[in-house]
There are 2 protein chains.
Amino acid sequence: MDRIKPRTLSGFMELSPEKQAQFEKIKDTLASTYALYGFTPLDTPVIEASEVLLAKGGGETEKQIYRFTKGDADLSLRFDLTVPLAKYVAMNAGTLSFPFRRYQIGKVYRGERAQRGRFREFYQADIDIIGDGALSIINEAEIPAIIYKTFSALGLTRFIIRVNNRKILNGFYAMLGLSEKSGDIMRTVDKLDKIGPDKVKALLTDELSVPSDAAGEIMRFMEIKGKTGDVLSALESYAGKNEIFDTGLSELKTVTGHLSDFGVPAENFAVDLSIARGLDYYTGTVYETVLPDHPEIGSVCSGGRYDELAGYYTDKKLPGVGISIGLTRLFFVLEDCGMLNEEVLKAPADAIVIPMTEELSPAISAATALREAGIRTQVYTEQKKFKAKMSYASKLGIPFAVLLGEDEIAENKVSVKNMATGQQETLEVSKAAAMIKAAITEINTAKAIKE
Amino acid sequence: MDRIKPRTLSGFMELSPEKQAQFEKIKDTLASTYALYGFTPLDTPVIEASEVLLAKGGGETEKQIYRFTKGDADLSLRFDLTVPLAKYVAMNAGTLSFPFRRYQIGKVYRGERAQRGRFREFYQADIDIIGDGALSIINEAEIPAIIYKTFSALGLTRFIIRVNNRKILNGFYAMLGLSEKSGDIMRTVDKLDKIGPDKVKALLTDELSVPSDAAGEIMRFMEIKGKTGDVLSALESYAGKNEIFDTGLSELKTVTGHLSDFGVPAENFAVDLSIARGLDYYTGTVYETVLPDHPEIGSVCSGGRYDELAGYYTDKKLPGVGISIGLTRLFFVLEDCGMLNEEVLKAPADAIVIPMTEELSPAISAATALREAGIRTQVYTEQKKFKAKMSYASKLGIPFAVLLGEDEIAENKVSVKNMATGQQETLEVSKAAAMIKAAITEINTAKAIKE
């Protein structure tokens, strides 16, 4: 037979079973945390009509889109989960209850240039809250709580949720008479972390022709940092000059004012006036999440408030707020930084039943009993030497080997070997099940990430 | 703005939030049952190089494949989960431990003619056990146990796992001197359920030129039915004439002999000599699963033993056994038959906290406490009348409304209203959490399917 060399396309993450188990742990944690906040799971198609998916125009990303024809249909693979959500809500607005809270964790596709850490197929894990005509600011206040709970559940303690409000920025630039240049200025100021204040100021004056005193004002504004209360006080000194600014400040106060009710510790939160996130979509609160020990990673969870989810599909006003985690990239950088918790159970089974006699019935019955107790159990039935069987269990990292030799069968018991400690004891199956179950429950408290 | 009419492509299932919750329940049940048997989750890409995906040749399905170019790459969307598994195992054979047991639940793509109940994007939920060079027959015996556990966990009791062995058929046709026609004969006999024995016999003699007495022998053979013990006895009378037949019969005895150890009740199992499943792939035990009350659905879980998983990628011999559930179609037919259990909790939240004062902090704190207790909780913060808030909760089917008015706040308590019974009581948040948690745990014992 002519053989084809098996390969996986570059830019497509395909994991070993052990790594996949770690990935699943993260994915499951995101799903269960999102669900805890009353978001309902959605699962829209990967393929959409190009006309629908590109209704807004793809802009810079259009070249990256996987677009093709099948028969006479012009089709595209989704490049994010927001456009399919907009389509879904516009189509189903008559039957959905608003606010509509959904989460979706799914693969999206972008034909980017192949590069280390860049993926062409990757998971996004999104939540959005969509209002019908209006949406209370409290929803914007709840988002940091969800981010906090999500990353805490993953095992992180050292992360900072950075929050800003686009109305504050828009109002501030209006005060300076720079409304028309505000987009370009935000883009430049967004580089503060990367290139530092001197270069940002130079770019503002030289490339954007911002007057020197206004550039100075901008730099002073961006230096407003520190505890939330102090930042709010400093912002107060700009109040009363521009209505949009004042609205933004009021919104920011509401968002920060409910943090402790929502259970977000002060050390995981910061107002950061330099962040803007995207330029024409967001209209209110914006969010980023950074790991202070790993600034090179950038934001691991971003989003914000928008006024028009689906303007290109419907005349219904659908404001919302949402965040997105680039799960595939997050997994890649966590692995790269050595932050995946190796104590997470990566084995395909909690217990492996190893028969040591010709007769397999007692082993199979024992496995059936363990499974009834909720223990993930494999029966090893290949004709191999005992050593090879134990080596298989060990290589897979299965925590418990359950041995059935003639003695055990005669006594109607099993011998349970703890593969980590080497300890072995002989006991009744029901007691073995209880013991293994308790140990596995303990092991499964391990979180996905280790700092 | 020019508006585009939002639509979802035909042949692509996109569910309402309520239906999606029911779908998720089924998907989660499959995943957890598969995991219980020691299968590890894999997640291969949706897109593969066409050369790799079509290594075997697509045959009849080749026209259905979504194939396109991006840059100079010739790409295809996976049309099943078996070819990607073959690729994965061939690529990683050096590092995997065998037997390699994996499950995968993922979307696959086939551009079939649009038709009611036919999908172009659909989930398959597969398990496979792959051996390195050899694989014990006990793995084939375990499969009915997995099928039984899976459908029981979904809530079904009336289903029958039908088993046959291709070696028995091959041996039997060899005895009749019909080996060369065996493929065509199997295809014809496979129609027994649909067209009845007279027409099958006519097809055998008229179209396949099977001699009349041989056709009679075949029909008599296919009439062997009933209890497993009786079928095995009847098959014994054919033993000793053909080696392959005898091997098949011995395998069938092993498979059926361990059913009770594996916990499979006799009433959910039947040897059925008429089933063959695919014509050149399977080499040993084959499986189908049918619902006797709904014969029109056909098999809802099928598979079998094969000798060569990845012959087109590697010279390594990789025998295996696997089954597949067409999840999207299963969901469609269950809904169509009215068999989805409407008692499954379809709401996005277990509890909705409804503040009845201007001050929201107590409501947010109560929600935070409920979430800490693992209760999926939404805070309703829109400015609406009380009646509208309750109507929202009711429309979403959220089981508990947690009300915070001035009295509750003054007493540091909450009022919990059971939305189904209308009963309401005022109690401390911690007690409310315990009460709601217990009720939700009870509700969540509801299985996905109701017969």
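Residues numbered from 1 in each chain as written. Chains lettered and ligands numbered in written order. Predicted model: local features only at pLDDT ≥ 70, side-chain atom pairs only at ≥ 80, totals over all residues.

Draft legend 1. Quick look at the overall build of chain A. A tally of regular secondary structure across chain A gives 15 helices and 16 strands. Each principal axis of the C-alpha distribution contributes one length, and for chain A these read about 90 × 60 × 45 Å. Looking at chain A alone, contacts between residues at least 24 apart form 69% of all its contacts between residues at least 6 apart. (Helix = DSSP H or I, 4+ residues; strand = E, 2+ residues; numbered from the N terminus. Contact = placed C-beta atoms within 7 Å.)

Draft legend 2. Structural context of the sheet that holds strand β11 (residues 320-326) of chain B. All names here are of chain B. If you trace the 8 strands from one edge of the open sheet to the other, you get β1-β5-β6-β11-β10-β9-β7-β8, paired in mixed fashion. Single-partner strands in this sheet number two, and they are β1 (40-41) and β8 (269-271). Summarising the sheet, strand β9 (residues 282-290) and strand β10 (residues 302-306) pair through 3 bridges and their orientation is antiparallel. What sits directly across from Tyr-282, in β10, is Tyr-306. (Pairing = 2+ DSSP bridges.)

Draft legend 3. Up close: the confidence of the model for chain A. Mean pLDDT for chain A: 95, with 99% of residues reaching 70 or above. Both confidence scores are given for the complex: pTM 0.97, ipTM 0.96. (pLDDT = per-residue confidence, 0-100.)

Draft legend 4. Representation of the interface of chain A and chain B within the structure. Taken together, the contacts link 71 residues of chain A with 71 residues of chain B. The element contributing the most residues to the side of chain A that touches chain B is helix α1 (residues 17-36) of chain A, with 6 residues. In terms of residue class, the side of chain A that touches chain B is built from 33 nonpolar, 21 polar and 17 charged. (Nonpolar A, V, L, I, M, F, W, Y, C, P; charged D, E, K, R; others polar.)

Draft legend 5. Up close: the environment of Ala55(B). Along the polypeptide, Ala55(B) turns up in the loop between α2 (50-53) and β3 (67-70). Spatially, the C-alpha atoms of Ala55(B) and Ala310(B) are 10.0 Å apart, while their sequence positions differ by 255 residues. Those residues in contact with Ala55(B), other than ones at most four positions away along the chain, are Ile4(A), Tyr312(B) and Tyr313(B).

Draft legend 6. The arrangement of the relation of the copies chain A and chain B in detail. The transform that puts chain A on chain B rotates by 180° and translates by 0.0 Å along the axis, for an RMSD of 0.1 Å. The relationship between the two copies is best expressed as a two-fold rotation axis. Residue Phe68(A), judged by its C-alpha, is the member of chain A lying nearest the rotation axis, at 3.1 Å. Mapped onto chain B, 99% of the interface residues of chain A again fall at the interface, so both copies present the same surface. (Least-squares fit on C-alpha atoms with pLDDT ≥ 70 in both.)

Draft legend 7. Layout of helix α3 (residues 82-92) of chain B. With 9 of its 11 residues buried, α3(B) lies for the most part within the structure. For α3(B), the full list of buried residues reads Thr82(B), Val83(B), Pro84(B), Leu85(B), Ala86(B), Lys87(B), Tyr88(B), Val89(B) and Ala90(B). (Buried ≥ 20, exposed ≤ 12 C-beta atoms within 10 Å, placed from the backbone.)

Draft legend 8. Main features of helix α5 (residues 166-175) of chain B. Counted residue by residue, α5(B) has 8 buried out of 10 residues, so it is predominantly covered. Once α5(B) finishes, Gly177(B) follows within two positions and takes phi at roughly 70°, a positive value.

Draft legend 9. Quick peek at the packing of helix α6 (residues 182-189) of chain A against helix α7 (residues 192-206) of chain A. Residues and elements named next belong to chain A. The geometry of α6 relative to α7 is characterised by a closest axis approach of 8 Å and an angle of 140° between their N-to-C directions. Accordingly, the angle class assigned to the pair α6 and α7 is oblique. Residues Ile-185, Thr-188 and Val-189 of α6 touch α7, and the partners they reach there are Leu-192, Val-200, Leu-203 and Leu-204. Per-class residue counts for the contact of α6 with α7 are 6 nonpolar, 1 polar and no charged. (Axes fitted to C-alpha atoms, helices over the stretch in contact; angles between N-to-C directions. Parallel < 35°, antiparallel > 145°, perpendicular 65-115°, else oblique.)

Draft legend 10. Region of interest: the nonpolar core. Counting 265 residues, the largest nonpolar core has Val353(A), Val402(A), Val353(B) and Val402(B) as the members making the most contacts within it. Once you skip the residues sitting within four places of it in the chain, Val353(B) turns out to touch Ala363(B), Ala366(B), Ala367(B), Thr377(B), Val379(B), Tyr380(B), Val402(B) and Leu404(B). (Core = buried A, V, L, I, M, F, W, Y, C linked by C-beta atoms within 7 Å.)

Draft legend 11. Main features of the domain arrangement of chain A. Partitioning chain A into structural domains gives domain 1 (17-336) and domain 2 (351-443). Here the C-alpha centroids of domain 1 of chain A and domain 2 of chain A sit 49 Å apart. (Domains from an automatic or database assignment.)

Draft legend 12. Spotlight on the environment of Ile275(B). All names here are of chain B. Structurally, the position occupied by Ile-275 is in the loop between β8 and β9. C-alpha of Ile-275 to C-alpha of Arg-187: the two residues are 88 residues apart in sequence and 9.1 Å apart in space. In this structure Ile-275 touches Arg-162, Asn-164, Asp-190, Val-286 and Glu-288, once residues within four positions along its chain are discounted.

Draft legend 13. Up close: the pairing of strand β15 (residues 414-418) of chain A. All names here are of chain A. Note: strand β14 (residues 400-404) against β15, 4 bridges, orientation antiparallel. When the bridges of β15 are listed, Phe-400 appears paired with Asn-418. In terms of strand pairing, β15 meets strand β16 (residues 424-427) through 4 bridges, oriented antiparallel. Pairing of Ser-415 across the sheet is with Thr-426, part of β16. In this antiparallel pair of consecutive strands, β15 and β16, the connection spans 5 residues, and Gly-422 shows a positive phi of 85°.

Draft legend 14. Here's a closer look at the environment of Thr289(B). Residue and element names in this part refer to chain B. Relative to the elements of secondary structure, Thr-289 occurs in strand β9. Judged by local crowding, Thr-289 falls into the buried class, with 24 C-beta atoms found within 10 Å. Between the C-alpha atom of Thr-289 and that of Asn-165, which follows or precedes it by 124 residues, the distance is 15 Å. Once residues within four sequence positions are removed from consideration, Thr-289 is found in contact with Ile-147, Phe-151, Phe-159, Ile-161, Ser-299, Val-300 and Cys-301.

Draft legend 15. Inspection of the sheet that holds strand β4 (residues 73-77) of chain A at higher detail. All names here are of chain A. With respect to topology, 3 strands assemble into an open sheet ordered β2-β4-β3, the strand pairing being antiparallel. Edge positions in the sheet fall to β2 (47-49) and β3 (67-70), since each has one partner strand and no second. The sheet shows a mean angle of 40° between the axes of neighbouring strands, direction not considered. As defined by bridge partners, β2 adjoins β4 across 3 bridges and the pair is classed as antiparallel. Bridge pairing in β4 links Glu-48 to Ser-76.

Draft legend 16. Looking closely at the pairing of strand β10 (residues 302-306) of chain A. Residue and element names in this part refer to chain A. Of all 5 residues in β10, 5 are buried; the element is thus mostly enclosed. Across 5 bridges, the pairing between β10 and strand β11 (residues 320-326) is antiparallel. When the sheet's bridge partners are listed, Arg-305 is paired in β11 with Val-321.

Draft legend 17. View of unusual backbone geometry. Residues and elements named next belong to chain A. The linkage connecting Phe-98 with the following residue, Pro-99, adopts the cis geometry, with an omega of 0°. Mapped onto the secondary structure, Pro-99 falls in the loop between α3 (82-92) and β5 (100-109). The phi dihedral of Ser-209 is positive, around 50°, even though this residue is not glycine. Looking at the element boundaries, Ser-209 is found in the loop between α7 and α8 (212-222). On the neighbour-count criterion, Ser-209 (9 C-beta atoms within 10 Å) is exposed.

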